[in-house]
Amino acid sequence: LKATPAKRSASAVKAPLLGATRAGKRIVAVGSYGTVVLSDDGGKTYRQAEQVPVSSTLTSVSFVDERTGWAVGHWGVVLRTEDGGEHWALQRFNVSEDRPLFSVLFFDTENGVAVGLWSQVLLTADGGRTWVEAQLPKDAVGDRNLFDLFSNAKGEVFAAAERGGLLRSADRGKSWQFVDTGYKGSFWTGVSLKSGTVLLGGLRGTLYRSTDGGDHWA
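Keep in mind the model is a prediction, meaning the values are calculated, not measured. (Residues numbered from 1 in each chain as written. Predicted model: local features only at pLDDT ≥ 70, side-chain atom pairs only at ≥ 80, totals over all residues. Heavy atoms only, no water.)

K.L.:
Hey, could you run me through the side chain of E162 in this one?
P.N.:
In this structure, E162 sits in the loop between β14 (157-161) and β15 (165-169). Excluding its chain neighbours within four sequence positions, the residues that come into contact with E162 are D143, R144, N145, F147, G185, S186 and F187. (Helix = DSSP H or I, 4+ residues; strand = E, 2+ residues; numbered from the N terminus. Contact = heavy atoms within 4.5 Å.)

What follows is the structure in structure tokens.
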């Protein structure tokens, strides 16, 4: 299995999109068939990126400034751009198993974390060129899929997971604590507000809230 570049098409702007973020004032969104679309007018119009080296589904994207960013997806793909999302380079592509990465979060141009299927957590300290797997407290976490990474003002990192799970790290993903929210369904996404309140959203329109950094939930 080889990576095949995403096809350029006028219909790319209508493709299903799974992740989006800002690169300075630009919006960068990623989705099915290696689609990357860009908007420079606040989301009013989008156009397809010039070059993407994979046609597999992309699930998440993270930028540290207006030019430098990463995208992840199926087949463990990691892509990097240094021109605001116009052109992308392939950094990781694991053809031995289709173990998708569902979310990526970079803290600066060198250090980042990505999470995915079966409690996979990958760390990089060289801008995505190499990745190592973090060790999780398996007795508590099990093989939960990890769906979304987000951080708070204190620099803590959270990973929303299936079966009501939440992982929390105080050292940029090197070690993790499992938090049992009491919910039994999947959490798809989360966000930390300026006040410090953490919100988790999941199945059946469920919204959970914590005002103490994730220790207690309602």
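That was the structure; now back to the text.
K.L.:
Would you explain unusual backbone geometry in this entry?
P.N.:
Excluding glycine, most residues fall at negative phi; most peptide bonds, likewise, are trans. One non-glycine residue with positive phi stands out, namely W75, at about 60°. By the secondary structure assignment, W75 is in the loop between β6 (69-73) and β7 (78-81). Although it is not a glycine, R172 adopts a positive phi angle of roughly 60°. Position of R172 among the secondary structure elements: in the loop between β15 and β16 (177-180). For R172, a relative accessible area of 38% puts it in the partly exposed group. (Buried < 20%, exposed > 50% of the residue type's maximum accessible area, 1.4 Å probe, protein only.)

K.L.:
In this structure, what is going on with the pairing of strand β13 (residues 146-151)? I would like to understand it.
P.N.:
Consecutive residues of a regular strand have side chains that alternate between opposite faces of the sheet. Of all six residues that make up β13, five are buried, and the element is covered over most of its length. With five bridges connecting them, β13 and β14 associate as antiparallel partners. For S151, the partnering residue across the bridge sits in β14 and is V157. Between β13 and β14, which pair antiparallel in sequence order, lie five residues; one of them, G155, sits at a positive phi of approximately 90°. (Pairing = 2+ DSSP bridges.)

K.L.:
Could you clarify how one ought to interpret the side chain of S32 in this entry?
P.N.:
Tracing the backbone shows S32 in the loop between β2 (26-31) and β3 (36-39). For S32, the residues in contact, after removing those within four places along its chain, are A15, P16 and T57.

K.L.:
For this particular structure, what's the right way to read the sheet that holds β2?
P.N.:
Hydrogen bonding along the main chain pairs the strands of a sheet, whether they run parallel or antiparallel. Here we have four strands laid out as an open sheet, ordered β1-β2-β3-β4, and antiparallel in their pairing. Edge positions in the sheet fall to β1 (17-23) and β4 (47-48), since each of these pairs with one other strand and no more.

K.L.:
Hey, could you run me through the pattern of salt bridges in this one?
P.N.:
Tallied over the full model, the rule gives eleven salt bridges. Residue E110 is joined to R129 by a salt bridge in which the shortest nitrogen-to-oxygen separation is 3.7 Å. Residue E110 is located in the loop between β9 (101-106) and β10 (112-116), and its partner R129 is located in the loop between β11 (121-124) and β12 (132-133); the two are separated by 19 residues in the primary sequence. Note on R129: relative accessible area 52%, which makes it exposed. Via salt bridges that share partners, R26, D40, R47 and E86 belong to a single interconnected network. (Salt bridge = Lys/Arg side-chain N within 4 Å of Asp/Glu carboxyl O.)

K.L.:
Which parts of the structure should I look at to understand the environment of G213?
P.N.:
Along the chain, G213 turns up in the segment after β19 (207-210). On the basis of relative accessible area, G213 is assigned to the buried category, the value being 14%. Ignoring anything within four residues of it in the chain, the contact list for G213 reads F158 and R168.

K.L.:
When you look at the sheet that holds strand β5 (residues 58-63) in this model, what are you seeing that I'm missing?
P.N.:
With antiparallel pairing, four strands are arranged side by side in an open sheet as β5-β6-β7-β8. Edge strands, defined here as strands with exactly one partner in the open sheet, are β5 and β8 (89-92). Neighbour-to-neighbour, the strand axes of the sheet open up by a mean angle of 25°, direction not taken into account. Across five bridges, the pairing between β5 and β6 is antiparallel. Looking at β6, one finds that S60 is bridged to V72. (Axes fitted to C-alpha atoms, helices over the stretch in contact; angles between N-to-C directions.)

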